[in-house]
Amino acid sequence: MPTTAAQLLAERLGLTDDEVLLILDADPLSVIGGELEHKPQLALLLTLTTEPAERVGLPALHRWMRTSGPVGRPVELLTARRFGDFEDALTALADRGLVIRRAR
């Protein structure tokens, strides 16, 4: 992917190319051509994740994306396009920090 807003989102959240396509409901040619800038969810997700990325750092944010939390795994919320639930997960991250429990 070229360096675009979609690439910035992928780098910030540790997303694969396929995950970005699912989240933005896009095809690879749209990403390559940089035709996703008009997607409102792209700008919203970049805005919502700026502060958490700065506060906890990218390695912790990448781990958080794939860790089950009170609302579910954030990466799964995004790929299911459950943006409201993802925002709730970000709120929980801000309130509780990154909490990882041992699997039972």
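Residues numbered from 1 in each chain as written. Predicted model: local features only at pLDDT ≥ 70, side-chain atom pairs only at ≥ 80, totals over all residues. Heavy atoms only, no water.

### Examining the confidence of the model for the protein chain
Working step 1: Mean pLDDT over the protein chain stands at 86; residues scoring 70 or higher make up 89%.
Working step 2: Within the protein chain, no element has a lower average pLDDT than helix α3 (residues 28-32), which sits at 78, and none a higher one than helix α6 (residues 74-79), at 97. (pLDDT = per-residue confidence, 0-100. Helix = DSSP H or I, 4+ residues; strand = E, 2+ residues; numbered from the N terminus.)

### Comments concerning the pattern of salt bridges
Opposite charge on two side chains makes pairing possible when the charged atoms of those side chains draw close.
Working step 1: Taken as a whole, this structure holds four salt bridges when the rule is applied.
Working step 2: The salt bridge partner of E76 is R73, with a shortest N-O separation of 3.9 Å.
Working step 3: We classify E76 as partly exposed; its relative accessible area is 45%.
Working step 4: Close ionic contact of D85 with R82 constitutes a salt bridge, the shortest N to O distance being 2.7 Å.
Working step 5: By relative accessible area, which is 39% here, R82 ends up partly exposed. (Salt bridge = Lys/Arg side-chain N within 4 Å of Asp/Glu carboxyl O. Buried < 20%, exposed > 50% of the residue type's maximum accessible area, 1.4 Å probe, protein only.)

### Some details on the packing of aromatic side chains
Working step 1: In total, this model carries one aromatic pair according to the counting rule given.
Working step 2: The interplanar angle of 55 degrees and the centroid separation of 5.9 Å between the aromatic rings of W64 and F86 together place this pair among those described as tilted. Here W64 is found in helix α5 (residues 58-65), whereas its partner F86 is found in helix α7 (residues 83-96), with 22 residues between them in sequence. Summarising the burial analysis for this pair, W64 and F86 share the class buried. (Phe/Tyr/Trp six-rings, centres within 6.5 Å; stacked < 30°, edge-to-face > 60°.)

### Notes on the side chain of K39
Working step 1: Looking at the element boundaries, K39 is found in the loop between α3 and α4 (40-56).
Working step 2: Although K39 lies buried, it forms no salt bridge, and the closest oppositely charged side chain, D25, sits 4.9 Å away as judged by the N-O distance.
Working step 3: The residues contacting K39, other than those within four sequence positions of it, are L24 and D25. (Lys, Arg positive; Asp, Glu negative; His and termini not counted. Contact = heavy atoms within 4.5 Å.)

### Brief notes about α7
Working step 1: In this model, α7 (14 residues) spans 20 Å end to end at C-alpha, consistent with the 20 Å of a helix rising 1.5 Å per residue.
Working step 2: Taken as a whole, α7 has its buried residues at F83, F86, A89, L90, A92 and L93. Down the axis of α7, the buried set is contained in an arc of 165 degrees. They therefore lie on one face.
Working step 3: Buried residues along α7 sit against α1 (5-13), α2 (17-24), α4, α5 and α6. (Expected span 1.5 Å × (residues − 1). Arc of directions from axis to C-beta.)

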